[in-house]
Each structure stands twice: as structure tokens, then as C-alpha cells.
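Secondary and tertiary structure notes
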Amino acid sequence: MRDRVLPASPNWYCSRCSDTNGRGTLGFGARNTIYLIDVASPSCRVVGELVGHRERVSGFSFSQHAGQSQLCVSCSDDGTIKFWDADDKVLLKEHSPHQNTMTAVQWSPVDKNLVVSGDEKGIVVCHWYHTGDTLSFFPEPRTIFCLSCSPHAWNLVAVGYKDGMIVLMDISKKGEVLHRLRGHDDEIHALSWSPSANEESLYVARPDDVTATNGELHGEEKREETGGFLASGSKDQTIRIWSTARGKGVMTLKLPFLKRRGSVDPTVKERLWLSVHWPKGRPTQLLSSCFSGELVLWDLTKTGKQKWTLLGSSSEGQNHTRIVFNMSSVCLQDGRELLFSTSMDREVKCWDLSSLDCLWTLPTLGGFVYALTFSPVATGCLALGTGDNMIRVWSTMSLQNVYETRTFWQGIKSKVTALAWHPKKEGSLAFGTDDGKVGIYDAFANKSPHVSSSYHRKTVYSLAWGPPVPPMSFGGSDRPSHTLYSCAGEGNILQHDPWNLSGDASEVDKLIKDTNGIKHKLSAHTDISWKPDNRVVAIGNEDGSIDVYEAPSLKQLCSIQQHHKIINCLRWHGDHGPQPQHHFLLASGSTNAVIYVHDLRSVIEKPPASAVVITEPYRSLSGHTAKVTGLAWSPHHEARLVTVCYDGTAQVWDVQQETGVCNYRDHRGRLLCVDWSPVDPDVVWTGADDFTVQEWRVSQQEFTAPPKGKKIVDLRDKQKPKSKAKKKKSGASGPGGGGSVPSPGPSVNGDSTGKGGRGAESSLPARQEPSDEDDEEEKRSSLPLPVSLPASADAARKSSTTSKTKERPDVVTSLKKRRLRSMLPLSTSMDHRPRDLQLQDCLTLAALSHTHTPSGGCVPGQGEYIHLGLFTDRQALYRMLQEEEEGHAEAAHYDSIPYLRLWSGDLQGALQLATERGELSDHLLSLAPMAGYQVWSRTVEAYVKQLCLQEQHLKAASHLLSINRVYPAIDLLQCNKLYREAIALAKARLQPDDPVLKELFLSWAAILEKDGHLSSAAKCYLAAGAGFDAAKVLSRKSDALSLETAAGVARLSGEAGLAASLCLRLAKDLAADDDWLAAQRALNTQDALLVHRLYFSVTELLTLTLSDCRVLPWSCTSAHPWSQSCEPPGAARGLRHRIMEVWAKEFSVSEELTDKETLRRLLQELKAVENPQPSPNLPLKQVVWCVSLCVSQAVVSLLLCDCVEEVTSLWQAVSGTGEHFCLCSALCALLFPDGAASLRCFPEDQEEAGAASVSLQALICYHRLYETWWKAVGTHRNQPSADSAYGNNQASTHSNSTSNQPSADSAYGNNQASTHSNSTSHQPLADSASANNQASTHSNSTSHQPLADSASANNQASTHSNSTSHQPLADSASANNQASTHSNSTSHQPLADSASANNQASTHSNSTSHQPSADSASANNQALTDSNSTSHQPLAYSTSANNQASTDSNSTSHQPLAYSTSANNQASTDSNSTSHQPLADSTSANNQALTDSNSTSHQPLADSASANNQASTCENGINQSEVSTPNVDRSERVSPDAPLSESDVCVSAKNAEGRDWMEACPVLLSESHAAYQATQRAVTDIQDRLSVMVARHSAAPLGTQPPPAIVDVSSTEPPSDGTRIPTDQESLLSLSSKMTEYKRELEQLPSTVKTFPRPDVMECCLVLLHLSGGTSMVPPALQEKAKELLGRYATTPSLHTASHRFLT
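A brief look at the structure comes next. Here the residue numbers are simple positions, counted from 1 along each chain's written sequence. Only residues with pLDDT of at least 70 are given local features in this predicted model, and only at 80 or more are side-chain atom pairs given and counted; all residues enter the totals for whole chains, interfaces and linings. Only heavy atoms go into the side-chain values, all of them from the structure, while hydrogens and water stay out.

**Observations concerning the sheet that holds strand β37 (residues 450–451)**
The test is simple: When DSSP finds two or more bridges between two strands, those strands count as paired. Strands here mean DSSP runs of E at least two residues long; helices mean DSSP runs of H or I at least four residues long; both are numbered from the N terminus.
Strand order across the open sheet formed by four strands is β34-β35-β36-β37, with antiparallel pairing between neighbours. Across the chains shown, the open sheet's two edge strands, defined by having one partner strand only, are β34 (416–421) and β37. Direction of pairing for β34 relative to strand β35 (residues 428–433): antiparallel, over a ladder of five bridges. Counted as the bridge partner of V416 is T433 from β35.

Written as C-alpha cells, this is what we have:
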């Protein structure tokens, strides 16, 4: 499903978050996903993910046991432990034994069923995989950082804690602690066991038994015990080797400081993580990380200072650049020993432990992938902009390292949200960030970026390189060829000079306003996209509109008002491909999940005088269920688009057919960006908020459309747990500061105050991965599950909880009235002294009062005599109050101090103190005026700030009004989104014309508009005098009432242009619902829309008239009385005169009532009306609108007496019907009731007008010719079947349809079964002289089973199934088998050949078939292929000029128009199609298979030079009077060679025209057109042969010789006796020479022949000769002319066969 993947970064600050199994699979946790990497091959490859955790993965471990190395275990912050099968990527089991956040987990290397985990509260849980049992232990009430199971004894587990302690426990003895290893004084980051259980290895290698600091062994007396060494790495920058047998440290290693560029200061412990790993089979070597990402290999047997070796020292740049978190190693089967490391630099590295060199590096991503784009100059360079504040440039074409990337981070301090490569300059990469910065990096130079001095205020969403516009376009040669445009969240677009980024950037909005004379405020911009040829630029807006401007003046060409929500992305189609009409396609994506594609060719090639409004898309792509975030056109295909969306999928679209090609669903989040591979047409790259970039192939996807129903992202969001309320810490610490022992139940708490403990809400230094996404911030939660504690811990818990329990106060006591605190507590307390002291106070006070001499140093109001200050003078009172104030401050009773100062008269001091403390109150503020106005004003301002902090904004604004601060009060309300209150205050207190009031309304309107309250926003705009903006806001909702209201607002506001635009938009919507009365009412409100009223009236007349004729199946909701036809179609003076009568009566537009100047203006306005260009896939309703527009132009030209313009418009009207044969026939009858006689001839100086008139005459005669033929056949035979000279068994089954088949003449018995379902089939098929079993199966029928013919030896089955298999027909030695396969059935299986007869299958889909017969003398049954068109419809002018039809798998239906005004009608085989298989020639029989991939209708034709003369589908099988014939008995036999009587034919001809129209038939037999069409057939035939050569060459296996490059060019049918005839062989050179010669002939033909085509001359010759069979209906001269042309230009085998009977 996908190829390469850049995964998310491994999680940081986890002791064991990555591991490797013995089969070479590396797994690591990244966010809430586990990524699996295949590391056994020379280059790594992401093979899958394990998805199921809801929060961050904190631990991961593989089972290292044989037979179950695919099993692994993971723990997460969501409280679960999950067991996985890494091969099948499925979840096996899930447990939730912990109630707290888990920090470590490991699968025991000894016991294959044992898994041990630990959490941050100190609980260790053992899990047994095979039984599902668990057992919990509580060795220490400390935070566990890491744990490691012994590789030598299943029951030994080492646990490392946050405070530096290591505990060795025996789980077989109920978690008994064997040793407490103390030596580290900070966090234990990693533990690793020695691979050898013998502790004598280091002693044998180290005879010296001394104690040292840098790696010396500590002295021991005995070395008898064994148990294995244990290595520990700590944040204290040391590595210690422990003897687990004795429980003591034997060696200490201090990290070396390596002076490298970018090294970390070793004194900064916060930036250190010390990981250790003991490789298998290396008991004397230990690996560890270092300060700045270096990896060090320690030799534990070495002496001296340097005991280490640096990995990757052989060359620069091999090491990590930041700290390493995890290491794991594996010994592969080929003998290689590899080490894997994950780091904070977001890289995963693979090391060869033999050479200590880095083998490969896998870059990972640490944030959302906001942007990705391929360089247009450096092939394969993919730039990635992510949320981890970095840019990565990935060389995707590198052969040595498939993940070769360069990282750029300098000068970037925020998320990279936009990227754009310079279109010409190699390596120049522009970037935009979340903080509004715009800069340019040189991707191939080691330099800092150039940053623009002009910053955006918000996030930069889009960057684009384009031509300079004023003022930067001034300056001549010293200006850059391209400037940089940036669009940001505030809605502005800035133009930056790449040569002078330090200069000020210019605003594009100013130029737009000046050029287009715009006075109102422009809508906020959201995206910008320059057309590849830099002629025009498209700008998306916040209101959903798209404006297109012409460079360099930025004159507005048009405004696309299709989306009604914010535009997220815009992209122009590239300039690749042979079809220029695709170069003008603009795709847009919005929040409404629908992608619209607009064709702006007419606007760009012929810029209008004023901007036009486009409300109809060229194509609409629906299927996504959330907002579209990215678009990319394929640089290899035409009209193929890939889109990404918030629904979590990427969709590839076939734009022409509006269908999905494939849907990619492997991302785990919302997709944000996409780009197509510039080198591989099958590869697409996507980035998402799951932190990954994925490369995938279109052809390998299972799905073709986005998922339906609920959105993927919504379903995933529901799986996330809700955050739980934080728990409170429990009471006092236990003995020794160890903290309380956790109690059972939901709260298991650690130490809240002790050194080694950890509170419930404490966290590791950076345990949470530093994700830059706010909405991706991981939340921790604890699950209230029971924990089984040891007996000792349970007893300690009971005693602890008993001591901490507090008695609940009695309810009655709590209801007692609370006594108020005294304001003078110190002096009051002196009254509670002993009685003798109080009596002594009386003596002291009497002495002070009468003698004024204090005794014994008594100072009233101070010290021991503070209470006497109340009874003496004022100074003593002040001293007492000062003492009381100090007492309140010591007791933290600050609220009493201001009142004491207030009593002492220091009001200003009291207010100042309350202000500093933030304790101002309404009471204090009411006293402030006593201190003066200045004090009062400052106090009010301080109180306002205090109230704002308390979010009491209304009260704060009211206090500002008390000091007459009206404007600050308004600003305060506005800043806090209280717009309604702010406006009320402003209108009440300010002048009506104050600009602040208008600004308030505009700001509130913007907020309301953004929130979707459009009516309220419009009211605000109206109050601000912005009627234009009010109307635009109201029009964002496309319902009729909103549009009508918006138009009325615009009209009343004086915005005539906008009012007219909205009325027209409303009228179009109403007309689309066939509500013609309401549509005219809407247009009638605007005088400027007179031309549209005329245009709509013509459409209404034409629609109702054609509906009455049953050509159109629509029913009108409402219609005007004048639109009801009072005379039959084609009667009287025709439709044009009827239109003129309506115009004169209803709209006062006529030759007498309207002056010529007004008529000329109306004609010019009609030409400026926007309508989609005619195309094969244009809906029938759009075709009617296009025809109506041309008819309107013709009528206005008739009023102007402009015959040239009239006939040209009429020709465009008829030619605009395209494939709709019935519509074209009815239109000719309505417009030309007198036939071709109503057309005039033009002099030679008006060559084009004359050519158009003659082409129009030819078309009229063409339809009359078929009408005469069908009616003549129906009159003579009473059935529409084929002529036959012998007995034919012909069964025709009709279901809700009429089949008119004057089918092929045959000289032998034909068994023909024709099954028609819900369609009218008109097939001008070739005559055949052989025995044919023909099954015509319609794709609309459920069962497609042709009738078995028992009278002949031919049985044929045409099977349709839902598969995409296209199989050519098998050749037969005695008969010709031909299958015409149509894309309405998915599976195309060829017919089985028969040895005695020819089988022919033709599949018809909803089409009308008219089959002119042609005799054939040979036993060949051949389905004729029209080489001039891919979809084979009986279009009148298939050999017209400039019609290029390609067999293209990118479109569902390729149907060339009946006639086209373009040149070079070419049919080409597109290699992108699903299956295009040429016709297989045989020497004994012609087996022809016409396989048309992705085409709706494929019909065998009368000759290969015409576009399958088939009348287009009459909708819903409507039976038309012109072509229908009575149903007849199937068993009735009719001789195919029975001649038509002259009376039958003449009567039909007379009835068709009312005169002998045969006189005009020579116009059908134009020799110049016959030569042009024959040359085109020859060119197409050569192209088909060249395609055969290419197919044969491509089919040859690699390394083998392909078939010879020669093509069978036999142009004759093989003899009927089955003998072989020699065939000519042509080479590639000869075919190319012929192609050149034919193209030269085409160029020499007159332009009028190409511009104004005529019906297929060969087809007309065959029909005329068929009509002349045995009668004198057709004049002899006309017959001779037809035979002459057939003999000269019937060069193809099919034409030769069809004309054989007439020429021999």
C-alpha cells in the first residue's frame, strides 16, 4: 500500500522505549504508536505500526525467546499494558494493572511468559503472558525510572528510582528486597545486566584490587559469589558497575567531556540523559551515551585514564547531535552485530559494533507535517516543513541512502507552516513560520537563512514565487525575475524582494485597490497561486470567493463565487500535455469538503473590460467528508488531481470524468499536505498530523473513493479518554521522610514532601514528549484499578491512614456565628493580663495625665504600653496604630491595614497599600475622592486593572466612566469581545459620526461573520455604512431568500454592480430549478440585466418547446404564458420569429422599438456572457443553455440585419448540441422549418460566412436524409430491421425504448438477437455478407445474454462483469470475430470464436442506433471502428477540423462533438489507459477488438472514417415521433434485398421537407471535405499502427528481443475461401514518412474546411446509394457522384466492404 515512510520521532525521556528482536526488527514508541523497522537489510524500511494506545507509549520490549520473537509488549500513559504480534500487527492481550502512570516495562529474557512493569508511584507488577495472571509488589515508595530483568535468573529484577537508589528484588519471594544499591545521587536513567553470570571476569582481567575514580575496582575481600554485574547510568554523570551477588559497587566511570562543536556544558545536568547498554557476548565492554549525543564504548579491563573509545570517529558527522535516550543491539544471522540508538535530534542510527561506524540514519519527525514540496530544478529534492521548528530536505532519488536528508533549524524558532522552491534558482527555498516570519534558505549551502524584515502578525499559510508587480516591477534590469509572495492569517499578502529582504515588503491589496478602483475593504486573503506561465494569479479569500488578476497590473479578470466558506488551497494545472484547454484549469479546496475546478480559458485569453462573476464550476469533485487542506495536479497526466483532507484520506481524481481513481487511507490522522512525484507518475507523497510523511503508489490502492459516513478523525477523537480531575496529595510523611504508604483503591500516592518522593501531580523533567501542537498535548490519567500489596505494606498503610484521618467537625458547631477579628488585637490582648498589672496601668495613666512625666521609661502606645495609646494624646494613638499595623502584617492580615491608615488620616497611604496588595474594594474606592481627584483617578485605574484580572469587565468599564474615561471603557469592552455593550456605550456617549463607532461595528461584523452569524454581521456592516460588505455576507448562503435579500441590500446601498451580480446568481439558481417566473422576477429588478432577461426567455421558450416534443424530459415548476407553444414545432415561421414576437411584446425589443446602437450593445453583452465551453461530458441542461445563448445572438443579429453574424451564431447553436442527436434534429426543425432554403448564399469576399452557411445546409440535409431513410424503411417493411436476401431469424426485444435498425445486408443466414433496455438505439452499421450472430447487449439491463441461434452454427455470449479486464478477441481460421467493448460494463470479455460463422457483439449504452446497411460479398463480420473518435456516437461531423479524440483512461467518456471549430481531428491511443488493445489481424479472418477504456459508449459504426453514426441518447428512452417506428412481430421475416419503391421514398422525402429537398443534397458530397476526412483516417490509422509497435515493444520481457518493428498494413479483406494472401510490412521509418506527408496535406487544405466541417461524406454516400436501390428517388448524377467519391476515398477495409455492392 505504501513505499517509504518518515515516521514520528521516538518518545523522549523514557528508559526503554525501543527494542530489537533476533530477526532484525526494531520497534520504538513514537507518541501513541509503535513503529516497526526492518533493519536486517542494508537500508532500513518501515514495515508497519502497532496502533491501539490512546496516549504516549512509555515503554516497549520484544520477547527474546525462540519461537516467539514476534511477540512484544508496550506500556502507555493511558494506563494499559498491551501484548502484540509484530508479524500480524494485531493486539493479542490488554491489561490495566496500574493505577498510576507507568514508566518502564520489560519482557524477561529468561522466562518466556514473564513481563515486569513499574509505575511512578513505586509499584512493580509481574504479568504472566500465558495465564494472564498479575502480581503486584511495593518495594519502595519512590518514583520508578527504569527496571531491568536479569538474563541469568528469572526471579531477579533491578529497579532504578528517581532519587538515585537501585533496588534488587526477588519476585519469587513476594518481592523481597535483596540489596539496596546506594551510590548515585540523582535519577537512574538506565540499567543493563552483564551478559555473563560470572563476576570473576573483571577480577581475572584486573589483578589490581584498588579503589580509584575513573573506572577502578573497589577493594573486596572475597570473590566467591556469582550473580552477574549490573551497570547503571545516572543523571549525576557517572556510570556504576555493581556486583549483584554482594550488593556493592565495584567500578565508577565518569563521563568524559568531548570538546566538539555544539557540545553541552557538563555542569548543566538538566540536559543530560545517560543511557547504558551491555552488548551480548561482550562481558568486558559497555556502551553508554555522553553529554551531546556521542556514543562511547568502555573497555572495563583497561587501566589508565582513557578507558573509552568514541563511536563514529572515523569520519565527521556520524554521531548524534543531542542526547541519546535508548540503545539496543542484535546479532544477525549473517554475523553482523548492530547497535541502534534513538536521540533527541530525532534520528535513529544503526551502528556496526565491529567497525564502530554508523551504517545508516533514519530521520524522524517531531511535529505536524504542514508543508511538503518538490524542487522544480533539483530533481527529487523534497522539502518538508514540520511543527518541530525544522526544515528537512530529502534527496528521494539517492541510491546510496534512501533516507538522505539535510536538516535546517537556524533562524527558525517556530513551526514551519509553508514552503516554496524558487522556480529557476537551484536550492533557493522560501519558508514561512507560525510566528509570521518569512525567509529564504539556500538548501545546498551551509549558511544561515535570509529573513525578511517584514513580519506577519499571524501564521504564514501560503508562499508563492511569481513575477514582480508594482512597485517592485519598476527598475528595469536590476530587478529580480521572481519575487516572493506570502499570505498569512491576518489576511494580508506581502511581496518580498528576494534581493533585498531587509527592505520593506509591499502590500498587494493597495495595488489591487488602485488598479481596480475599489473603495471598500477587501476580504481577508487565505491563499495565493500563480499560474505556471505567470500571466495571472488566483487569490483565495476568507469569504469563499476566488479573485483572478492579470499580471503585472493586477487588473481583476473575474471573481469565482462558488465556495461559501474559507478557501484553504488553490492550484493551477501545469503546462504539460498536448491539450491546451487543460492549462487553464484552476482547482480550489475549501472547508465545505467539495473541490471545484474552473476553466478560465475564455477569461484569460480574452480579458473582459470589467471583472465577471463566475458561479458555475467546470467540474465538481465530491466525496470528502471534512475540509480540504491540500491539492496537487499530476505533472505526468492531464486533468488528474490529488487532494488531502481532514477525513484522514488522500483522493486521486479524474477531473474530466469527476470520478475517483484511488483513495489512500494509511495515515493515522488528518492530512495536511500533498505533492506528486516529479519522476514517477504512479507515486504520491503526503504529510499529516500523525507526524509522518508517506510515499505511496496510486496503482496499489484498494479503494477508489473516500469513506462514507462519519469522519475518520471524529471516530478517532472519540477513542481518546477524557482527562480526569487531579488528585490531592495525602497527608503527612512516613517515618524517615519516605512518605506515606499508598492506600488501596484509586489513590496510591507517593511522598509529597520528602526528598525521594514524588507527589501525585509531579512530573519527570521532560517525560512528556515536547510536542509543539497544542491540540496534541498528551494528558495523563490514572485508572481506578485495585493494586495487590504485600502484607507488610498493607499493615503500614492501615497505620498511616489511621494517623492521617481527621475528625469531621460537628454540624451544629460549624453553624455557630463566627466572631469577628478585632482591628486592634494587640491592645485588646493587654486587657486580658492579670488584675494587678491592669491596676498598675491606672497609676501609670494617672501620672501621665497629671504630671506629664512618664515613669520608668514608659512610652504610651508602644511596646508594653501600647494599650495606653488609646487613653493619652494623639501621638500616642498614632504609635499604637503603627504597632497594630505591624502586628497585622506579621499575622498576614493585610486587609485590616488600610483601615488603620484610614483611621489615622493617611487615606492616600491606605489606598496605596490596598493597590499594591490588589485588595481594593468598592468601599475604599468610595473614600478615594476625599484624597483629591488625582488620587481618586489613580485608584480607579488601579481598581479597573484589578477587576480585569478578576474578569469583571463590565464593572471595570463602569468605573472608568466614573472618571469620564469613555474611550478606554469602550476599548476595554471591545478587547474582551463585549461588542454589544461597547456599541451601546459608544452610541450613548459619543457623537454619531465618531470613527470609533464604525470601527466597533466592523470589528463585531468580522467576528460574527467568522462564527457564521451572517444576518447579524450584515446588520453591523449596514450600521457602519458598508452596504457592499453586508450584501456579500448575506450572499454567502446560497439559498434563494438570502440571495434575494442580499441583492435588495446592495440595490438600496447604491452598489448597482453587486446587486446585478446577485440578481443574476439568484436567477440562475431559480432557472436551474425550472422556476422561470421567479427567475424573470429576479432579473426584472435590475435594468442592467436586460440582456439576461432576453437570454433567459429564449432558454425558457426552447426548454418548453423541446419538452413538448419529448426531446427533453424536464417538467417546469412555473412558466410564462408566452412560453407555451401554440403551434407545432417546425410550423409557420419557426422558433426565431416566435422569439422576436415575445421580445417585442414582453421586453419591447424589436427592430422598430429599439435603436441599432442598443441592439449592438445587447449583442456585445450576449457575447460576454459566461458559459461553459461545449464538451463531450457537458450535461444536457448546460447544452441547452449554450444553444439558447447562440440562438439569442442570432436573433439580435437578425434584428440588426447582420446576416454574417446571424448565420455564424446559428451554426454555433446547432454545433453546440454535440453528441445529442435528437436535440440537434429537433433544433434544426425549429430553427429552419423551411429547410436549407431559408439560408442565403454569401459572396466570395465573405468566405467564412459562406462556409458556415454551407456547413449549416449540410447539417440540415443530413438530418433530413436520415429522417427520409428511416420513414421509408418503416413504411416499406413495417419494421426497423435489416434487409436480408435469405432467411434471417431476428429477434428484437424492446423495453421502454424504440429500436430503429435498418441493419446490415447479409448474403447468408443471420441470427441476430438485439436486447435493448431503457434506450433508443440508432446504429448506422456496416453491411455484412457473412453469417452473423450479433448480440447487442445494453449496459442498463441486469442480465446481458444474447439469444442462442439454433439455425446457424454460431453461438455468442457477451458477458459483462465488474472487473477491469480487457481481453482481445481470439482469432479464428474460418470466421471473423469482433467485440466492441464499452466502459459501461466493467469486465470486457471477448466473444468465443466459432469455426463456421462470425460472431459479433456490440454493446450499446443508452443510445439511439440507426444502422444503414451495406452489402458484403465475403464472410466477414466486422464491427467498424471510427478512428476519429474514442466514444463512438453517430455524430454528424466526426471528421471535422481540429477534433482530437484520445482513448484516455483518465476520462469516463470520450465523445467527440458532431462538428468542431478546431483543427486536426486526431485519434491517439493514450498509454495511461487501463487497456487499449489494437485490432488483431488474421490471414484467414479479420478479428477486430475495439477496446475503449473508461469510455461510456462504444458502438460499432458503418465506416471507420466517421464517428459512429449514432444518434445520441434520448433521455429516459423518450420515443420521438421523427424516428420512431411501430413495433412489429419478431417472427416476421423480411428480405433485406427487397428494393424500396420510388413512391415510398419520394413520399417520405416530400413529407420531410414539403418539397424535393434532394436538390440540396449535393452539398453533402463535397470532394474537398471527403479528401480531408480520408487524410485524417490515414493519419489515425498510422497512429494506431505506431501504438501497436509501442505495445509490442512494451510487452517484450526485460532482457529479451522485442518483436520486429513492422506492422501488417494489408488493406483488403481476406478471401472468403480462407486462403492466405501476402501482406505488406511497413517499418517505423516508412510510417513516420507517411505521417509527415499526410500532415503536410492537411496543412494545405483551406481553413474553412477545418473550421466549418460537414457530415461524413462516405456515410452520406452510402445512405444515398442505399436509398436509390431500385428506384429513381436519387438523381443519377447524385448517384454517380456518390459512387465516384466512394471509389476514390473509401480506402479503409470497412468502407471498402460497405461500398462493394454499389461499386461492382
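**What to know about the pairing of strand β52 (residues 640–645)**
In plain terms, the rule: Remark: exposure states derive from per-residue accessible area (1.4 Å probe, protein chains only) relative to the maximum for the residue type, with buried under 20%, exposed over 50%, and partly exposed in between.
The buried count for β52 comes to six of six residues, which makes it a mostly enclosed element. By the alternation rule, side chains of β52 split into R640, V642 and V644 and L641, T643 and C645, which are all buried. Taken together, the five bridges between strand β51 (residues 628–633) and β52 define a ladder with antiparallel strand orientation. Across the sheet, the residue bridging to V628 is C645, located in β52. Between β51 and β52, which follow one another and run antiparallel, lie six residues, and A639 among them has a positive phi close to 60°. Of the pairings in the sheet, the one linking β52 to strand β53 (residues 650–654) comprises five bridges and is antiparallel in character. Each bridged residue has a counterpart across the sheet, and for V644 the counterpart in β53 is A650. Hairpin geometry of β52 and β53 is characterised by an intervening segment of four residues between the two adjacent antiparallel strands and by a positive phi of about 85° at G648.

**Some points on the packing of helix α24 (residues 1135–1146) against helix α26 (residues 1180–1199)**
Quick note on the threshold: Only the stretch in contact is used when fitting a helix axis, every axis being a line fitted to C-alpha atoms; angles between N-to-C directions are given from 0 to 180 degrees. Orientation labels follow simple angle bins: below 35 degrees gives roughly parallel, above 145 gives roughly antiparallel, 65 to 115 gives roughly perpendicular, and whatever is left gives oblique. Should any heavy atoms of two residues lie within 4.5 Å, those residues are considered in contact. Only Asp, Glu, Lys and Arg are considered charged in this grouping, and only Ala, Val, Leu, Ile, Met, Phe, Trp, Tyr, Cys and Pro are considered nonpolar; every other residue, Gly among them, is considered polar.
The geometry of α24 relative to α26 is characterised by a closest axis approach of 10 Å and an angle of 75° between their N-to-C directions. It follows from the interaxial angle that α24 and α26 lie roughly perpendicular. Residue-level contacts link R1136, I1139, M1140 and W1143 of α24 to V1191, S1192, V1195, V1196, L1198 and L1199 of α26. For the contact of α24 with α26, a count of residues per class yields eight nonpolar, one polar and one charged.

**Examining helix α20 (residues 1040–1052)**
To be explicit about the condition: Residue count minus one, scaled by 1.5 Å, sets the expected span of a helix.
The terminal C-alpha atoms of α20, which comprises 13 residues, lie 18 Å apart, in line with the 18 Å expected from a rise of 1.5 Å per residue. Within α20, the full set of buried residues consists of S1042, L1043, A1046, A1047, G1048, V1049 and A1050. Where the residues of α20 are buried, they touch α18 (1014–1023), α19 (1027–1034) and α21 (1056–1072). After α20 finishes, the residue G1054 shows a positive phi value of roughly 85°.

**Remarks on the sheet that holds β53**
The strands that make up a sheet are held in pairs by hydrogen bonds between backbone atoms, and each pair lies either parallel or antiparallel. An order of β51-β52-β53-β54 is seen for the four strands of this open sheet, with the pairing classed as antiparallel. The open sheet has two edge strands, β51 and β54 (659–664), and neither has a second partner. Shown here is a sheet whose adjacent strand axes are inclined to one another by a mean of 20°, direction ignored.

**Section: the nonpolar core**
One broad trend across soluble globular proteins is that nonpolar side chains are buried collectively. Short version of the rule: Buried Ala, Val, Leu, Ile, Met, Phe, Trp, Tyr and Cys residues form a nonpolar core when they are joined through side-chain atoms within 4.5 Å.
Judged by nonpolar contacts, the single largest core of 165 residues is most densely connected at I970, F1096, W1143, V1214, L1564, L1565 and M1658. In this view, F1096 contacts L1064, A1067, K1068, A1071, W1076, A1079, Q1080, L1083 and W1185; residues no more than four positions away in its chain are not counted. Among the nonpolar cores identified, the runner-up in size contains 34 residues, and F28, V330, L338 and L362 belong to it.

**Some remarks on the environment of C146**
Relative to the helices and strands, C146 is located in strand β14 (residues 144–149). Overall, the relative accessible area of 2% leaves C146 in the buried class. Separated by 40 residues in the primary sequence, C146 and Q106 have C-alpha atoms spaced 9.6 Å apart. Sequence-distant contacts of C146, defined by excluding residues within four places in its chain, comprise S15, A104, A158, V159, G160, I188, H189, A190 and L191.

**Concerning the pattern of salt bridges**
Rule in force here: In the sections that follow, a salt bridge refers to a side-chain nitrogen of Lys or Arg positioned within 4 Å of a carboxyl oxygen of Asp or Glu.
Across all of its chains, the model carries 41 salt bridges by this definition. With a closest N to O distance of 3.8 Å, E49 and R668 form a salt bridge. Taken together, the residues span a long stretch of sequence, with E49 in strand β5 (residues 45–51) and R668 in the loop between β54 and β55 (671–676) at a distance of 619 residues. Between K531 and D533 there is a salt bridge, with its nearest N and O atoms 3.1 Å apart. Taken together, the salt bridges that share partners define one network made up of D3, D680, D682 and R697.

**Considerations on helix α25 (residues 1156–1168)**
Here is the rule we go by: Here the arc refers to the set of directions running from the helix axis out to each C-beta atom.
Given a rise of 1.5 Å per residue, 13 residues ought to cover 18 Å, and the 19 Å separating the end C-alpha atoms of α25 matches this to within 8%. When α25 is considered as a whole, its buried residues turn out to be T1158, L1159, L1162, L1163 and L1166. The buried side chains of α25 occupy one side of the element, clustering within an arc of 140° when seen end-on. α25 presents E1157 and Q1164 as exposed residues on the side facing more than 90 degrees away from its buried surface. On the buried face of α25, the contacting elements are α23 (1090–1108), α26 and α27 (1203–1215).

**Things to note about the packing of aromatic side chains**
Definition in use: Centres within 6.5 Å make a pair out of two Phe, Tyr or Trp rings, where for Trp the six-membered ring is used; the pair is then stacked when the planes are under 30 degrees apart, edge-to-face when over 60, and tilted otherwise.
A complete count under the given rule lists 30 aromatic pairs for this structure. A centroid spacing of 5.0 Å and a plane angle of 50° characterise the contact between F408 and Y441, whose relative ring orientation is tilted. In this pair, F408 is assigned in strand β33 (residues 405–408) and Y441 in strand β36 (residues 438–442), connecting sequence segments 33 residues apart. Neither residue differs from the other here; F408 and Y441 are each classed as buried. Feature note: the residues W12, Y13, F145, W273 and F325 constitute an aromatic cluster, connected by ring pairs.

**Structural notes on the side chain of D654**
Our working definition: Charged residues are defined here as Lys and Arg on the positive side and Asp and Glu on the negative side; His and the ends of the chain fall outside this count. The definition of a polar contact used here is a pair of N or O atoms within 3.5 Å, where within protein one atom must be able to donate a hydrogen and the other to accept one, and adjacent residues in sequence count solely through side-chain atom pairs.
Residue placement: D654 occurs in strand β53. No salt bridge is formed by the buried D654. Its closest oppositely charged neighbour is R640, at 5.5 Å. A polar atom in the side chain of D654 sits 3.4 Å from the backbone nitrogen of Q656.

**A short note on unusual backbone geometry**
Leaving glycine out, the prevailing phi sign among residues is negative, and the prevailing peptide bond configuration is trans. Cis geometry marks the peptide bond from P470 to P471; its omega dihedral reads 5°. Relative to the helices and strands, P471 resides in the loop between β38 (460–466) and β39 (483–488). Cis geometry marks the peptide bond from A551 to P552; its omega dihedral reads 0°. Note on placement: P552 falls in the loop between β44 (546–550) and β45 (555–560). Phi is positive for S1148, close to 55°, though the residue is something other than glycine. Residue placement: S1148 occurs in the loop between α24 and α25. The phi torsion at C1201 lies on the positive side, around 60°, for a residue other than glycine. Relative to the helices and strands, C1201 resides in the loop between α26 and α27. Judged by its relative accessible area of 51%, C1201 falls in the exposed class.

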